[in-house]
Amino acid sequence: MGKPKLGEAGRKNSSLARMYGENAQLPTQEEIDKAVMPIIGHEDMTKMDDMNEETLLQNVKIRYETDLIYTFTSAILIAVNPFKFLPVYSQAWVKKYVNKRLGLLSPHIFSIAEAAYSTMSDKQLNVSILISGESGSGKTECTKLILRYLAARMDKTSKVETMLLETNPVLEALGNAKTVRNDNSSRFGKYIEIIFDQNNLICGAKITTYLLEKSRICRQSENERNYHIFYQITQGCTEEDRALYKLKNAEYYSFMNTSGCISIPGVNEEHELKGLRSAWKLFEISKEQQESILRLLSAVLYFGNIKFADVGNGSQIRSEFKEAFDTASEMLSLKPDALLPGVRTRVMFVRGEKMVIELNAEKSRDAIEALAKALYSALFDWTVQKLNDSLFVDKYTSRNFIGVLDIFGFEHFKFNTMEQFLINFANEKLQKFFNHHIFSMEQEEYEREKINWANITFKDNQECLDLIEKRPVGILAVLDEESKFPKATDETFTSKLHQNFVRHVNYEKPRIGNKNFKIIHYAGVVEYDTNGWLDKNKDELPEHTLEILRSSPNKFITLIFTEKPIDPAILEAMPASKKGEKKGSNKLTLGTQFKISLQSLTDLMQSTDPYFVRCVKPNMAKIPNNFNDEEVQAQLRYAGMLETIRIRRLGYPIRYPYREFYQRYKCLVESRHHSSGEPAERVAGMLGPGALFGNHAEGDTWQKGLTKVFLKQTLANELEDRRSRKLAEILQCVQNWWRMITWRSKFTKFMRSSKELQLWWRCKQARKKWIRERKAATTIQSTWRMVRAVRLRKKMLEEKRRREEEALRKKEEERKRRIAKGEMEAVLREEAEERDKHKKEIEKIKKGAKGRERELRKDERAREEQARLADAGPAPVIAVDQTIYCAPITLIALSYASEKILDLDLTALAIDKNGQVIDCAFYNQRKADNGAMILDNDDRTGTERTKENEGSRDNESIVIDFAKLAPHTRFIVILATCYSDGYSLRDTEHCLCEIRDNSNAKILYSENVREHVLAADIRTKHTAAQISILAKSETTWIVKPSLKLWRGMHWLDVLPLIRRALNEENLVPRAEEQPLPKPFRAIKGEEITVPLECTKLMCGLGWEGEEDLDLAVLLFRYSDYLDHVDPVRHRYSKDGAIIHKGDSKTGKGTDDERVFVDLASISKRVNTIVFVVTVFAADKYQGGFGRVKNAHVRLSNATSAANIHDSGKEMIRYPLSSTCGNRTAQIVCKMYRIGSLRWAILAMGEPSSGAFYEHLIKRLKPYLDPSPPFRSFKVTIHSGKNMPTEKFAPRIKVVFDLDSQRTKVIKTKKIKWKEELILSGEAEILDISLYNHRLGKDVFMGRISLPVANDIRKRYFKLEGRGKKKDKIHDGELRISLINITGTDEAKPSAEAIQRAMRASKSNQSN
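Per chain, the residues get numbers from 1 upward, laid out in the order the sequence is written. Residues qualify for local features only when their pLDDT is at least 70, as the model is predicted, and side-chain atom pairs are given and counted only at 80 or more; totals for whole chains, interfaces and linings, by contrast, use all residues. Side-chain numbers come from the whole structure's heavy atoms, not from hydrogens or water.

Even after reading the chapter, I still don't get the overall build of the protein chain, so can you show me in this structure?
Numbering of helices and strands starts at the N terminus; helices are DSSP runs of H or I of at least 4 residues and strands are runs of E of at least 2. Along the backbone of the protein chain there are 35 helices and 49 strands. A 1.4 Å probe rolled over the protein chains alone gives each residue an accessible area, and that area as a share of the maximum for its type sets the label: buried under 20%, exposed over 50%, partly exposed in between. By the burial criterion, 49% of the 1407 residues in the protein chain qualify as buried. Within the protein chain, contacts between residues at least 6 apart in sequence are counted, and of these 69% link residues at least 24 apart. As displayed, the protein chain has an accessible area near 72700 Å², and 51% of this comes from carbon and sulfur atoms. For this analysis, residues touch if any pair of their heavy atoms sits within 4.5 Å. Using a 1.4 Å probe, the Shrake-Rupley method yields the accessible areas, and only the shown protein chains count as cover for residues.

Honestly, the sheet that holds strand S21 (residues 904-911) in this entry has me stumped. Any pointers?
Sheet strands associate in pairs through backbone hydrogen bonding, adopting either a parallel or an antiparallel arrangement. Taken together, five strands build an open sheet; the order of strands is S22-S21-S25-S28-S29 and the sheet is antiparallel. The open sheet terminates on both sides in strands that have one partner only, identified here as strand S22 (917-921) and strand S29 (1036-1046). Direction aside, neighbouring strands of the sheet carry axes that sit 20 degrees apart on average. Across seven bridges, the pairing between strand S25 (residues 971-978) and strand S28 (residues 1024-1033) is antiparallel. Across the sheet, the residue bridging to Thr977 is Ala1024, located in S28. We call two strands paired when DSSP finds no fewer than two bridges between them. Under this scheme, a helix contributes an axis fitted over its contacting stretch, all axes are lines through C-alpha atoms, and angles between N-to-C directions fall in the 0 to 180 degree range.

When you look at the packing of helix H7 (residues 159-175) against helix H8 (residues 228-236) in this model, what are you seeing that I'm missing?
The geometry of a pair of packed helices is captured by two quantities: the angle between their axes and the separation between those axes. Two elements in contact, H7 and H8, have axes separated by 5 Å at closest approach and are oriented at 95 degrees. Our classification of the angle between H7 and H8 gives roughly perpendicular. Between H7 and H8, the residues in contact are Glu172, Ala173 and Leu174 and His228, Ile229 and Gln232, respectively. Of the residues assigned to the contact of H7 with H8, the class counts are three nonpolar, two polar and one charged. For classification purposes, an angle smaller than 35 degrees is called roughly parallel, one larger than 145 roughly antiparallel, one from 65 to 115 roughly perpendicular, and anything else oblique. Polarity classes work like this: nonpolar for Ala, Val, Leu, Ile, Met, Phe, Trp, Tyr, Cys and Pro, charged for Asp, Glu, Lys and Arg, and polar for all others, with Gly in that last group.

How should a negative patch on the surface be read in this particular structure?
On the surface, a cluster of negative charge is made up of Asp310, Glu362, Asp366 and Asp535. Mapped onto the elements of the fold, Glu362 is located in helix H16 (residues 361-390). Glu362 gets classed as exposed once you look at its relative accessible area, which sits at 60%. Note on patches: the residues involved have over 30% relative accessible area and no salt bridge, like charges join within 9 Å, and the nonpolar side chains Val, Leu, Ile, Met, Phe, Trp and Tyr join within 5 Å. Salt bridge criterion: a side-chain nitrogen from Lys or Arg within 4 Å of a carboxyl oxygen from Asp or Glu. The sign given to each residue is positive for Lys and Arg and negative for Asp and Glu; His and the chain ends receive no count. Just so you know, the charge point we use is NZ for Lys, CZ for Arg, CG for Asp and CD for Glu.

Can you walk me through the nonpolar core in this structure?
Generally speaking, soluble globular proteins have nonpolar side chains that are buried together. If you look at the biggest cluster of nonpolar residues, it comprises 140 residues, and the most contacted ones within it are Ile109, Ile229 and Phe303. Of all the elements, H16 adds the most residues to this core, at 14 residues. With sequence-adjacent residues up to four places away left out, Ile109 is seen in contact with Tyr70, Leu77, Tyr89, Cys142, Leu145, Ile146 and Val613. Put simply, buried Ala, Val, Leu, Ile, Met, Phe, Trp, Tyr and Cys residues joined by side-chain atoms within 4.5 Å make one nonpolar core. The next biggest cluster of nonpolar side chains, apart from the first, holds 50 residues, and it includes Leu130, Ile195, Phe433 and Ile438.

So what exactly am I meant to see when it comes to the environment of Phe1171 here?
Relative to the helices and strands, Phe1171 is located in strand S37 (residues 1168-1175). A relative accessible area of 1% places Phe1171 in the buried class. A sequence separation of 72 residues divides Phe1171 from Cys1099, and the C-alpha atoms of the two residues are 8.7 Å apart. Contact partners of Phe1171, with chain neighbours within four places excluded, come to Cys1099, Ala1112, Val1113, Val1157, Gln1226, Ile1227, Val1228, Cys1229 and Met1231.

Would you mind showing me how to read a nonpolar patch on the surface here?
On the surface, Trp737, Trp738, Met740 and Ile741 cluster together into a nonpolar patch covering about 450 Å² of accessible area. Structurally, Trp738 is set in helix H31 (residues 713-820). Overall, the relative accessible area of 53% leaves Trp738 in the exposed class.

Any chance you could explain the sheet that holds strand S49 (residues 1373-1380) here in plain terms?
Spatially, the four strands line up as an open sheet ordered S45-S42-S49-S48, and their pairing is antiparallel. Looking along the sheet, the strands with just one partner apiece sit at the ends: strand S45 (1315-1321) and strand S48 (1352-1358). Averaged over all pairs of adjacent strands, the angle between strand axes in this sheet comes to 30 degrees, irrespective of strand direction.

Whenever I open this one, H8 confuses me. Can you help?
Since the α-helix turns once every 3.6 residues, residues separated by three or four places project in the same direction. Most of H8 is tucked away, with eight of its nine residues classed as buried. For H8, the full list of buried residues reads His228, Ile229, Phe230, Tyr231, Gln232, Ile233, Thr234 and Gly236.

Sorry, what's going on with the packing of aromatic side chains here?
The geometry of two aromatic rings is summed up by the distance between their centres and the angle between their planes. Pairing of aromatic rings covers Phe, Tyr and Trp, the last through its six-membered ring, and needs centres within 6.5 Å; plane angles under 30 degrees mean stacked, over 60 mean edge-to-face, and all others mean tilted. For the coordinates displayed, the defined rule picks out 30 aromatic pairs. With centroids separated by 5.1 Å and ring planes inclined at 70 degrees, the aromatic side chains of Phe188 and Phe380 adopt a geometry described as edge-to-face. Linking Phe188 in the loop between strand S5 (185-186) and strand S6 (189-197) with Phe380 in helix H16, this pair joins segments that are 192 residues apart in sequence. Both residues of the pair, Phe188 and Phe380, belong to the buried class. Arranged with centres 4.9 Å apart and planes meeting at 80 degrees, the rings of Trp382 and Phe556 form a pair that is edge-to-face. Remark: Phe556 occurs in helix H23 (residues 555-560) and Trp382 occurs in helix H16; sequence separation between them is 174 residues.

Explain the packing of helix H19 (residues 475-483) against helix H20 (residues 490-501) to me, please; I cannot follow it from the model alone.
The interhelical angle for the contact between H19 and H20, taken along N-to-C directions, is 145 degrees, at an axis separation of 10 Å. Crossing of H19 over H20 shows right-handed handedness. Here Ile475, Val478, Leu479, Glu481 and Glu482 of H19 lie close against H20, whose contacting residues are Thr492, Phe493, Lys496, Leu497, Asn500 and Phe501. Taken together, the residues that form the contact of H19 with H20 break down as six nonpolar, two polar and three charged. The sense of a crossing depends on the near helix, which, turned anticlockwise from the far helix by less than a right angle, makes the crossing left-handed and, turned clockwise, makes it right-handed.

Here it is, written out as C-alpha cells:
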C-alpha cells in the first residue's frame, strides 16, 4: 500500500504535523547531506574537562540559545523543551540517523530511537526507553517523535504503522488537558510496547495505561481545563450534531466553566474533532459506537448541572435542574425514574436483609459526580482496549518489542490531592530504577569482576519509597486500613499518619491544618491535602447503580460496564484470603492497584535493555528563548546528572563476556594473536601488546575482569568503527568472489550453449539441403513418369480409336451390303432385338439389387425371431420376500380423489430382459399391438371410493392377458403419473393402486401411494410413481413390490429412471450407460455436477415455428433476487459474466437464442442461477407452449469455442414440454454453487406463467433454497498424506459465508497441525485451500469443499480444484475435523454475530 495519511489531529504548531504530509516524498541525498547541526559546546558532557553543576548548566544553556536542545551524557539524552517549532524532524533527518550508531552524529531524539532499534534487532533483546521529567518538559512530544521515527524508518509502510501513530489523537483527546504548567498535559501514564516480527518490521503494539485523573472531570484548578474531548464536542460539532446530542456552549456546563479557562490560543477544536473522528474510523469504531460515545459525553456534562435539595431524611432534584437530569437520562437511554434511585439512595445488606437508605443533598451530589467519573473512566478503558484489539499481534508473529514509557512528570501545585501523591510516587519509583541501573548495578558489576574502581556516592531515595509503600506501616497501607472502617474519616487518616511517621526523615507535619501532611521527595517538598482520600481510594460505584447502567437498552453502555477479568499481575499480588472470597469482595483499593501496576511495570523494564531520556523545562512561563538558570539547575540536580556524568566518564559502560568479545572483535587482530583453548585464553591473546588495543594501556580506557572485558565509550566507539570497516572489506571481498563465480558460470554456460547452437545450426542447414535435393529428385522422377504415361495414354487411345473406327466401318459396309441384297426388314428387326436385349439387361441389374435387399431384410427378421424364440423359454427365478402369483388375466386398478382438479394416468410397460420397452398401454395408446394390455378406464378427474360407487370405484384400470404377451416379455412396470400442470401426487387426498384377479375381483396386492408421498421430502413435487413390477419367474408371473417416487408427467420422462431401478434390483444386466436420445438427454429431478475443467457454459434455446420464445436468466443469493439477463433490455449481468446473444423472433431448430456464462468471473454473491423460457404471445388465450414444436434447451461446455457446436461436448439437453397448454413460461433448470468453484445443475421443467422475467421472480420462491442458519464451527486440520517432503511451507485459506450477504476470506497463515480454528457464519459449504509457500510466493496445491450439515471427525479428503494455468493439483489428502459448536461456550458469539443471526432468522421467517 502507499504511504498512509497521518495525524490530522496533531497540534497545529507541532513539528510532527509537518513531518509527514499527505503528499510527502522521500528526501534526496542533497537534502540528507544538508541535515547537519553545528557543534557548539560539548555534545557529550562526559568529555568535559571541568565537571561541576555550573559548567553543566552553562553547556546546556549555550546549546539551548542556539536551538540545540539535545545533549548527550554518554548514552543518556537530555532534551530541553524549546516551546517552538524546530526544523530538525523532517524525513531527511530520519534518513540521516538510520543505521548510525549512538554518538556518531549530533545528539538527537532520533539517535536514541535508532540505538534502541539496533539493540533490539542485533542482540534480539527487548528494549525500553524511559522518558522522565517535570510536567510540561516535553515528554509526550518526545514519545510521539520516537513512534514516528520507528514508523518512518521501516522499509515497508503498512496499516499497523498508521494505526500506531493515530493512537495519539485518540488518547490525547480523552486523557490530556491544559494545566498551569502545560497546555497538553497527559493526565495518565502509558507504556507503549511496539512489537516487531521476525523481519524486524512493526507488526503490532500494546498500550498499558496508569491512573487516569478522574477528579479533573468534576473540577479543575484556576486557569486549567477539563479533558480536550469536552471542548471538541461543544465547540467543534455541527449544528445538526449539537441538536442530536443536545449540546450547548462550554460556558453552560458546570464541569467546564469553573476554572475560567475555555480555549487554548492557536487550537482549532473543530479541526481536532475531525482528526479524532478520522482516527475512530481507522480503528473500526462504528458510527453507532461513535454516536453512543458522544451521547455518553453529553450525559456526563449534564450531570454537572444537577443540584439537590434536602427533603426530610432524603433529597430530591431541584425543579430548575430536572430538565438537565432528564436530558442526561435520555442520552444514556434510561428513564429518569429508573436512574434516580442510583444517585439518591444507598443499598446495604444487614444480616441478609436489603436496606435502602436515602441520601441527603450533599451525598446525592457526590453520588452523581461519582457516576460521571465512572462513566468517563469506563469509556477511557474501553477505548484503550479497542486500540489494543486493533493493534493486537499473536505470539507466533511477534518476536521482540521496544517499550516507550510516557508517564506523568513530577507535580507540585498549590493544592495537591491524592492524584498528585500517586504521580509523585510513580516518579520516585522511576528515579529509583534510574539510580539502580546507572549507579547500583554498575558499581556492583565492577566489584564482582574485581576491576580497579573507587565507588561514587549518589542520592538514594529508598527511604522515601519505604515511607510510601512499605507494609504494614507505609502511607498506602495506612490508607487501605482506614478505608475498611465505616466510621473512618479523612481527619482520622491524617492523624494516624502523624502518629506513625512524624519522626521519619522524609515526613513533615504542617503547623496549620488537620488534613495536610508533607513529604520530602527527591525533587522537593510537597504538601498534600487528604480531603476525599478515603472515597477516592475505594474507587467503586455502588452495585445497584451498576445494575441500573447495565440494564440500559443502549448496548454500548452495557458493554463498557461488563465485568472484566482481573489483571493477572493484580490477581497474583492479592492475599490468599481474598482470592477465595465471593465475587465483588475481592476488589482492591486504588492505591494498592496502582502500586501493583507500578511494580509490574518496573519488573518489565528490569527485564529489558533500558535507554533514558531526561526532559528539562527551561521556564515556567512556557515561552520560547527563555532559559531560567535556577529552575534548570534544580532539575539537573535532583535528576542526579552530575553523578551520572561522573560514573559514565570514569566508569566502563560497555562490557562483553569473553566469548562474545572474542567472537565480535576477532576479525580486527592478525592470526598470530589468535590462540586456541578457553575463551579467557583467546581473549588474553587478543589483548596482548600491539594486538587489538594498540597503545591503549589497561586501566586507561579498558580493563579486564574475571569473566568480562570492560570498555569506555570512546574506545568502544573506535572498535565499532574499525569492525564496521573490516566487515565492509570482508563483505566486499565476498561479493567480488561471488560476482566472479556468477559471471564465470554465465560465461561457461554461454560457451556451452553457443557450441550446441552452432552444431544445431550446421545440422539444420545440412538437413535442409538434403531435403531440398530429395524433393528436387522426386519432382524430376514424377515428371518423367508423367511424361511417359501421357505418351502411352495417347498411344493407347489412338489405337482404340482406330479399332472402333475399323469395326464401325466394317459394320456399315455389312449393313450396306445386306440392304443392297434386299434384306432391309431383317436388318431393322435385328437392330430392334439388339435394343430390347440391352434394355432387359439393365432391368435385370435393377431387379437383382432389390432382390438382394429383400433377402437381407428377410434374414434379419429370421435372426430376430430366432432370438425371441430363444428368450421365450423359462425365465430365471426371482427372489422376493413373499411370493404373490398373478392371475392369467390380471386387472390393475387406480383410484384417487382430490378437492383440486387432477388428472392421474395409469401406464403399463412391457420390457424384455435387456431393459428395452416392447409394448405399452397408456392414454394415447389404449391397446397394445397384440391385445395383451388394454386400458379399460381413463377418467379425467378422481372420485373417492364409497359404498355407493363400490362397483365403479376405479378411475383408471388396465387389463393384462399374460397368454397374449410376446414370448420374450420379462417384466411389466406399473406407473402412475400426474398430468395436471402445477400439481403433484401430494395434492391428492386419496391414492390407492390394486392388483386383482379379473375373474373374481380378488385383491392380490395393494399399495397406498399417498402415504409414501407424504413421507417424502416436502420440497420435491413428485409427479410420477413406480408402483410395482410384474416379473416372469421361470414360467409363472409374480408381483414384485417396488414403489419409487420421481418427477415426470409422461412415461418417456422417467424411462431412464425405470431402467436404473431395474439395474439396481439386478433384474436386468448392468450394461454401460449409453447417451440418451437427444430429446430425452435429461429428466426432472436429475442433478448433474459441472466439471471443474469447465469454466464457461453456453445455454442455447432452439425451436421450430413462428412463435417468439425468449431465454432469460435470473440470479439469486439464496432467495434474494440480485440481477437478471434477458434478450430485450438487459443483455449483460452487472458483473459482465453472463451475456445474452441473439433475439430470434422465429425458430429455426437449433440455438436460436444463446446465453454465455463465465463461471470463473461471476460475482461471489451469486449462488443460484435459474434459466427460464417464456412465450411472448399477444393474446394470452392464443399463445403458449401447446403451439411450440420441438422446443429444447441445451447446455454445452464453452471453455473452448470448438466445443460449442460439438454434440459430443454437449453436457445436457432439456426438452420443453408441449403439454403445458396455454402456459407461457417454463422453469428449465436451476444451477447452484457447491463451494466456491464447483457448480451443480438441477433439472426442473416446471410450467409457469408470465411473458417477462419480472413475472417469474415471485413464482420462483418455492424452488429457491432459504438462507442457512447462523452457526459456529470448529475446524481442525490434523495431518496430511502424500505431502511434499522437501521445502514444504504450507499455507491455508478458508472461504465461508460470514452472513447471507457476504463471503469472508481468512487470510493466508502458516499451517500448524492440530490447530483449532473457530468460524461463525451462515454457511453451507466451507472451502479450505492449500498453498505451498516457496520463493516468496504461494503456489496453489488444491482445494477441499466441506459440507457443514453433519459433523466430520478425522476424515481424509482428497485435494481437488482449479488453480492458475501453471498450477498443478497435488495428489495428496488432508485429515480434517469439522464440529458444529453452535450454542456452546467455545463459540463466544460477538454482538455483531448475534445481530447477523437475528437478521438471518427474520429473513428465513419472511421467506
